[in-house]
Amino acid sequence: FALWFNKKMKIILVFLMLKMSLFGSSLKVGENAPNFILNDQDGKQHQLSDYKGKKLVIYFFPKAFTPGWTKQACGLRDNYSDFILNNISVLGVSYDSESKLSEFKKQYNLEFDLLSDSKKTMGELYDVNSFYFFPQRKTFLIDQNGVLVHIIDSVNINSHADDILAIFKKLKGV
């Protein structure tokens, strides 16, 4: 049984990796960003239309309290004043519960909201559900009109905040 299970798991993993590398996101730059309705770490509801007139960063992360995500979130926190100065809102999204996200936000003094997508609905809309238990690490940049202007498929957790600001500047949006 163990040999059969391992073989089956390898096939599934190879399929998932191929899906991610060959097909990428079904979302395209220039399209309207998919609408969503999710609660944040405090139970407050957010939807795309709440951000009309502002640029928006939506970044998906696998799990709160993991070393990579902590580094990524703290990098955004440390540059948050630059985001505010440039009229850019930031939302982090994971499959974690509201309470876990609340703990994380408090522990690391994050000024931006974290959305709980525990039913994986937003993950499906944004095509980040390649792995069932956690979303792909991906970032979506949206302009003031709700149009998707850039997708970061390969996130560098060390320079994520700087990369986002540079992209918005290059797009004449900042």
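This text goes with the structure placed above it.
Residues numbered from 1 in each chain as written. Predicted model: local features only at pLDDT ≥ 70, side-chain atom pairs only at ≥ 80, totals over all residues. Heavy atoms only, no water.

**Q** Please clarify how the overall build of the protein chain should be interpreted in this entry.
**A** Helix and strand content of the protein chain: six helices and seven strands. Moving toward the C terminus, one meets the helices and strands of the protein chain in the order α-β-β-β-α-α-β-α-β-α-β-β-α. When each of the 174 residues of the protein chain is scored for burial, the buried share is 45%. For the protein chain, long-range pairs separated by at least 24 residues make up 68% of all intrachain contacts whose partners lie at least 6 apart in sequence. When the accessible surface of the protein chain is totalled, it reaches about 9500 Å², and 57% of it is carbon and sulfur. (Helix = DSSP H or I, 4+ residues; strand = E, 2+ residues; numbered from the N terminus. Buried < 20%, exposed > 50% of the residue type's maximum accessible area, 1.4 Å probe, protein only. Contact = heavy atoms within 4.5 Å. Areas by Shrake-Rupley, 256 points an atom, 1.4 Å probe, with all protein chains shown as cover.)

**Q** It is not clear to me how the packing of aromatic side chains should be interpreted in this structure. Could you clarify?
**A** Each aromatic ring pair is summarised here by two numbers: the centre-to-centre distance and the angle between the ring planes. By the definition in use, this model includes six aromatic pairs. Taken together, a centroid distance of 5.8 Å and an interplanar angle of 45° make the contact between Phe 60 and Tyr 126 tilted. Here Tyr 126 lies in the loop between α5 (121-125) and β6 (138-142) and Phe 60 lies in strand β3 (residues 55-60), a separation of 66 residues in the sequence. The pair formed by Phe 60 and Tyr 126 is uniform in burial state, with each residue classed as buried. With 5.9 Å between their ring centres and 85° between their planes, Phe 60 and Phe 140 make a pair best called edge-to-face. With Phe 60 in strand β3 and Phe 140 in strand β6, this pair connects stretches of sequence that are 80 residues apart. On the basis of relative accessibility, which here comes to 0%, the residue Phe 60 falls in the buried class. On the basis of relative accessible area, Phe 140 is assigned to the buried category, the value being 0%. Taken together through their ring pairs, the aromatic side chains of Tyr 59, Tyr 80 and Phe 112 make up a single cluster. (Phe/Tyr/Trp six-rings, centres within 6.5 Å; stacked < 30°, edge-to-face > 60°.)

**Q** Is there a simple way to think about the pattern of salt bridges in this case?
**A** Under the criterion given, the structure shown has three salt bridges. Among the ionic pairs, Lys 105 bridges to Asp 113, the shortest N-O distance being 3.1 Å. The partner of Asp 153 in a salt bridge is Lys 138, and the shortest N-O contact between them spans 3.3 Å. Of this pair, Asp 153 sits in the loop between β7 (148-152) and α6 (160-170) while Lys 138 sits in strand β6, placing them 15 residues apart in sequence. Lys 138 sits in the buried class, given a relative accessible area of 2%. (Salt bridge = Lys/Arg side-chain N within 4 Å of Asp/Glu carboxyl O.)

**Q** Is there a simple way to explain helix α4 (residues 98-107) in this structure?
**A** Within an α-helix, residues lying three or four positions from one another point in the same direction, as the helix has 3.6 residues per turn. Residues Leu 101, Ser 102, Phe 104 and Lys 105 constitute the buried set of α4. Buried residues in α4, looked at end-on, bunch into an arc of 165°, giving them a common side. Two residues or fewer past α4, Asn 109 is found with a positive phi of approximately 50°. (Arc of directions from axis to C-beta.)

**Q** Can you help me understand the sheet that holds β3 in this one?
**A** Within a beta sheet, neighbouring strands are joined by backbone hydrogen bonds and run either parallel or antiparallel to one another. Pairing in this open sheet of seven strands is mixed, and the strands run β2-β1-β5-β4-β3-β6-β7 from one edge to the other. For this open sheet the edge positions go to β2 (45-47) and β7, each flanked by a neighbour on one side alone. Adjacent strand axes in the sheet meet at a mean angle of 30° when their direction is disregarded. As judged from the five bridges shared by β3 and β6, these two strands associate in the antiparallel manner. Across the sheet, the residue bridging to Tyr 59 is Thr 139, located in β6. Helix-sheet contacts for α4 involve β1 (37-40), β4 (88-94) and β5 (113-116), and the interaxial angle to β5 is about 160°. (Pairing = 2+ DSSP bridges. Axes fitted to C-alpha atoms, helices over the stretch in contact; angles between N-to-C directions.)

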